[in-house]
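If you want the building blocks of each chain, they are given just below.
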Amino acid sequence: MFKRIIYDDWTSIVPLISFWLTFGVFLAIVVRALLLKKTTVHHMENLPLEDGDNANTQVASK
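Not measured: the values here are computed from a predicted model.

## Examining the packing of aromatic side chains
Phase 1 of the analysis: Inspection of every chain in the model, using the stated rule, returns three aromatic pairs.
Phase 2 of the analysis: Ring centres of Phe-19 and Trp-20 lie 5.1 Å apart, and the angle between their planes is 75°; on these two criteria the pair is classed as edge-to-face.
Phase 3 of the analysis: Residue class for Trp-20 comes out exposed when judged on its relative accessible area of 53%.

Structure, rendered in structure tokens:
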């Protein structure tokens, strides 16, 4: 009987731990994204469109 009680506790704790870990990771990503500098955001939003030399001059000029 005691083995079953202990096993049931672990099955209810593991989803809670995984939920809070996932929530913490997403919260950290959102906070980091909100605290980025505008020059970094502008550089990152133009990454697929930039050429090699133009990327450095556009970021440095702003």
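## Points about the UniProt feature "transmembrane region" (unreviewed entry) in the protein
Phase 1 of the analysis: When the UniProt feature table is mapped to this numbering, "transmembrane region" (unreviewed entry) covers residues 12–35.
Phase 2 of the analysis: For residues 12–35, the end-to-end C-alpha separation is 35 Å, with 96% helix and 0% strand making up the annotated structure.

## A closer look at a nonpolar patch on the surface
Phase 1 of the analysis: Taken together, the side chains of Leu-16, Phe-19, Trp-20, Phe-23, Leu-27, Val-30, Val-31, Leu-34 and Leu-35 present a nonpolar region at the surface, about 970 Å² in accessible area.
Phase 2 of the analysis: Along the chain, the position of Val-31 falls in helix H1 (residues 2–34).
Phase 3 of the analysis: Here Val-31 falls in the partly exposed class, since its relative accessible area comes to 40%.

Definitions and cut-offs
- Residues numbered from 1 in each chain as written.
- Predicted model: local features only at pLDDT ≥ 70, side-chain atom pairs only at ≥ 80, totals over all residues.
- Heavy atoms only, no water.
- Phe/Tyr/Trp six-rings, centres within 6.5 Å; stacked < 30°, edge-to-face > 60°.
- Buried < 20%, exposed > 50% of the residue type's maximum accessible area, 1.4 Å probe, protein only.
- UniProt positions renumbered as here; feature names shortened; annotations may be inferred.
- Helix = DSSP H or I, 4+ residues; strand = E, 2+ residues; numbered from the N terminus.
- Patch = residues over 30% accessible without salt bridge, like charges linked within 9 Å, V, L, I, M, F, W, Y side chains within 5 Å.
- Areas by Shrake-Rupley, 256 points an atom, 1.4 Å probe, with all protein chains shown as cover.
- Salt bridge = Lys/Arg side-chain N within 4 Å of Asp/Glu carboxyl O.

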